[in-house]
Amino acid sequence: VEQRPVTIIADSASKKYDGTALTKDSASVSERTELVSGHELKQVTVSGSQTDPGETDNIPSGAVIKAGDEDVTKNYDISYVNGTLTVSNGEIKIRVKAASDQKVYDGTPLSNAGVKLEAGELAEGDTLSGTAAGSITDRGTEANVIVEGSIKITSKTGKDVTDSYIIEKEPGTLEITARPLEITAGSGKLFLINISQPTRQSMVSFAGFFLKKKKMNETLRKTDYSMVVPVTQNVTSLLGIKHGAEI
């Protein structure tokens, strides 16, 4: 008696990328090669897994056919047909923000290349990288902008899965604050005067004031200072305010 030919086909499956493995542990007998009446496919092993976008075979093997409790597998000439596991690009929405940073003015540039996930969630096991490229040297604020094309998302298997994300980019802020400059007078009371563009000429015109010589050349040519000033009678007259008033 010849074996009865039968074909067992592994099932196929598909989904959008979400960072988890796609599997389909099932198979069936082809309608073109039916089992003998009363016989049943009781067991089949199916091996296949796909996590990143792409596809892989879903492979059947080790079928067991029974008639009731009797194993009749030896009566069949079994052939197997693979299924397909397909993962397409996802549509995961996230917002990525460039780092913000701040420091007191010191004459050197302030920058911060970092980026972070601001909203949404990465798929399981994914990691985010990117670069921001803002810079500021003088007092004020500047946008810290994410470099075009620098954002990359990598799966736990090491594959670039950036195309599975819909990414909104948000700049950070770089800020340099005024550096306190202490000016000493012979007598008087301390007040805070904000001078946006101090110059040697304007400062010298404040009678009764002097700077430490080592700071003169460095500070008075800058535009980034808040001044702590001891106010004298002569200075209040120049400013047109009453002596002792706070400004």
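Once a new chain begins, its residue numbering starts again from 1 and follows that chain's sequence as written. Reporting in this predicted model follows two pLDDT cut-offs: at least 70 for local features of residues, and 80 or more for side-chain atom pairs to be given and counted; totals over whole chains, interfaces and linings ignore these cut-offs and use all residues. Side-chain calculation: all heavy atoms of the structure are included, whereas hydrogens and water are not.

Caption draft 1: Inspection of the overall build of the chain at higher detail. Counting its secondary structure elements, the chain contains three helices and 21 strands. Relative accessibility thresholds used throughout: buried, under 20% of the residue-type maximum; exposed, over 50%; partly exposed, between the two (1.4 Å probe, protein chains only). Residues counted as buried form 34% of the 247 residues belonging to the chain. Accessibility throughout is a Shrake-Rupley quantity obtained with a 1.4 Å probe, and a residue counts as covered only by protein chains that appear here. Per element, the accessible surface of the chain, about 14700 Å² overall, is 46% carbon and sulfur. Each helix is a run of H or I in the DSSP string that is no shorter than four residues. Each strand is a run of E no shorter than two, and both are numbered from the N terminus.

Caption draft 2: Representation of the pairing of strand S8 (residues 83-88) in the model. Along S8, the buried face is formed by Gly83, Leu85 and Val87; none of Thr84, Thr86 and Ser88, which line the opposite face, is buried. At least two bridges found by DSSP between two strands is the condition for calling them paired. One ladder, built from four bridges, connects strand S2 (residues 13-16) with S8; its direction is parallel. Paired with Lys15 across the strands is Val87, a residue of S8. Summarising the sheet, strand S5 (residues 54-67) and S8 pair through five bridges and their orientation is antiparallel. Each bridged residue has a counterpart across the sheet, and for Glu55 the counterpart in S8 is Thr86.

Caption draft 3: Representation of the pattern of salt bridges. Definition used for salt bridges: Asp or Glu carboxyl oxygen within 4 Å of a side-chain nitrogen of Lys or Arg. Applying the stated rule across the entire model yields eight salt bridges. Residue Glu124 pairs with Lys156 through a salt bridge whose shortest N-O separation is 3.7 Å. Residue Glu124 is located in the loop between strand S11 (115-119) and strand S12 (127-129), and its partner Lys156 is located in the loop between strand S14 (152-154) and strand S15 (165-170); the two are separated by 32 residues in the primary sequence. Measuring nitrogen to oxygen at the nearest pair gives 2.9 Å for the salt bridge that ties Glu148 to Lys169. With Glu148 in the loop between strand S13 (140-144) and S14 and Lys169 in strand S15, this residue pair connects regions lying 21 residues apart in the sequence. Taking the relative accessible area as the measure of exposure, Glu148 reaches 69% and is therefore exposed. Here the salt bridges share partners, and the residues they tie into one network are Arg95, Lys97 and Glu170.

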